[in-house]
Amino acid sequence: FDYENEVYSKSLWVAEGVTSYYGGLALKRAGLRSTDSLLRDLGQQIRMLQSQPGRLVQPLESSSYDAWIKLYRPDENSPNTSISYYTKGALAGWLLDAKIRKLTNAQKSLDDVMRLAYARYSGRRGYTPEEFRQTAAEVANSDLSAWFEKVLDTTAELDYSEALDYLGLRFKADTPRPGGGPRVNTGLTLRTDNGRLIVSQVRRGTPGYDSGINVNDEILAINDYRVRAEQWASRLESYKPGNTVSVLVARRDQLMRLDLKLEPDRAPGWQLELRSDATPDQKASLKAWLREP
């Protein structure tokens, strides 16, 4: 290992992402957290990934390899072009764990992969990406090349269905907002700067992106009504999905009016819960995963 220079590695999704996966799971297995808490955190990781437009641009291994030039040097466009190998790596670890358990009829798991990898590669040399894939395939006694290629080398969406079905889990149905109408989505992230309302991020594929609003624009008014920094959310409550509003912004001291068409915030919450109709096999798989008696 060369600690004097930048080291470009495709395996940080293992060294950091799988570590993140085990961090939460180990606490549950040790009896230091509840199942609901574990599932809540896992759902939050899914939501973080699925709300990141960059997941459709940057593959997981590329996120690892580009860490020195992208992850630790983020800019306002980073959510649109990149992902974190911590987040997607943790989810890949979970999906791989469930897959191995299913393929081996619960006789093997990602635990066995990590033990075998540690026995083989914990010395001075470390491991290559190919060696980790081969170790996992050996433990699963199956060809995992297509799975690894899709999850690590492409920007295809992760398929959660196999893990959910195996463990008897599901995504919660989205519940209506209490006492309110449908929430609107703009795709804008804002910050306050000395009382001014400034755009700090614009997510690709959202109304804000399509309207032409840019990072560092100062939002001044909606439909000719002044909007102060603390009023943005409450002003949006006055409109419904489908409405088009005129947003007055200041861009490098030039005033501009931009049409912003509001869309309903239909993004799923990605919250996980236990299936009430889980089969005995699914309940057994869940208990084995959590190491419950």
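Caption draft 1: Structural view of the packing of aromatic side chains. In total, this model carries ten aromatic pairs according to the counting rule given. Here Trp147 and Phe148 contribute two aromatic rings whose centre-to-centre distance is 5.2 Å and whose plane-to-plane angle is 80°, an arrangement assigned as edge-to-face. In this structure Phe148 comes out as buried when scored by relative accessible area, which is 1%. Taking the centre distance of 5.1 Å and the plane angle of 85° together, the rings of Phe171 and Trp270 count as edge-to-face. Taken together, the positions of Phe171 in strand E1 (residues 169-171) and Trp270 in the loop between strand E9 (263-264) and strand E10 (272-274) put the pair 99 residues apart, joining distant regions of the chain. Overall, the relative accessible area of 27% leaves Phe171 in the partly exposed class. Taken together, the ring pairs connect Trp13, Tyr121, Tyr127 and Phe132 into an aromatic cluster.

Caption draft 2: Highlighting the environment of Lys150. Inspection of the secondary structure assignment puts Lys150 in helix H9 (residues 145-153). The exposure class of Lys150 is partly exposed, given its relative accessible area of 40%. As a C-alpha pair, Lys150 and Tyr118 span 32 residues in sequence and 25 Å in three-dimensional space. What Lys150 contacts, discounting residues up to four positions off in sequence, is Ala156 and Glu157.

Parameters at a glance
- Residues numbered from 1 in each chain as written.
- Predicted model: local features only at pLDDT ≥ 70, side-chain atom pairs only at ≥ 80, totals over all residues.
- Heavy atoms only, no water.
- Phe/Tyr/Trp six-rings, centres within 6.5 Å; stacked < 30°, edge-to-face > 60°.
- Buried < 20%, exposed > 50% of the residue type's maximum accessible area, 1.4 Å probe, protein only.
- Helix = DSSP H or I, 4+ residues; strand = E, 2+ residues; numbered from the N terminus.
- Contact = heavy atoms within 4.5 Å.

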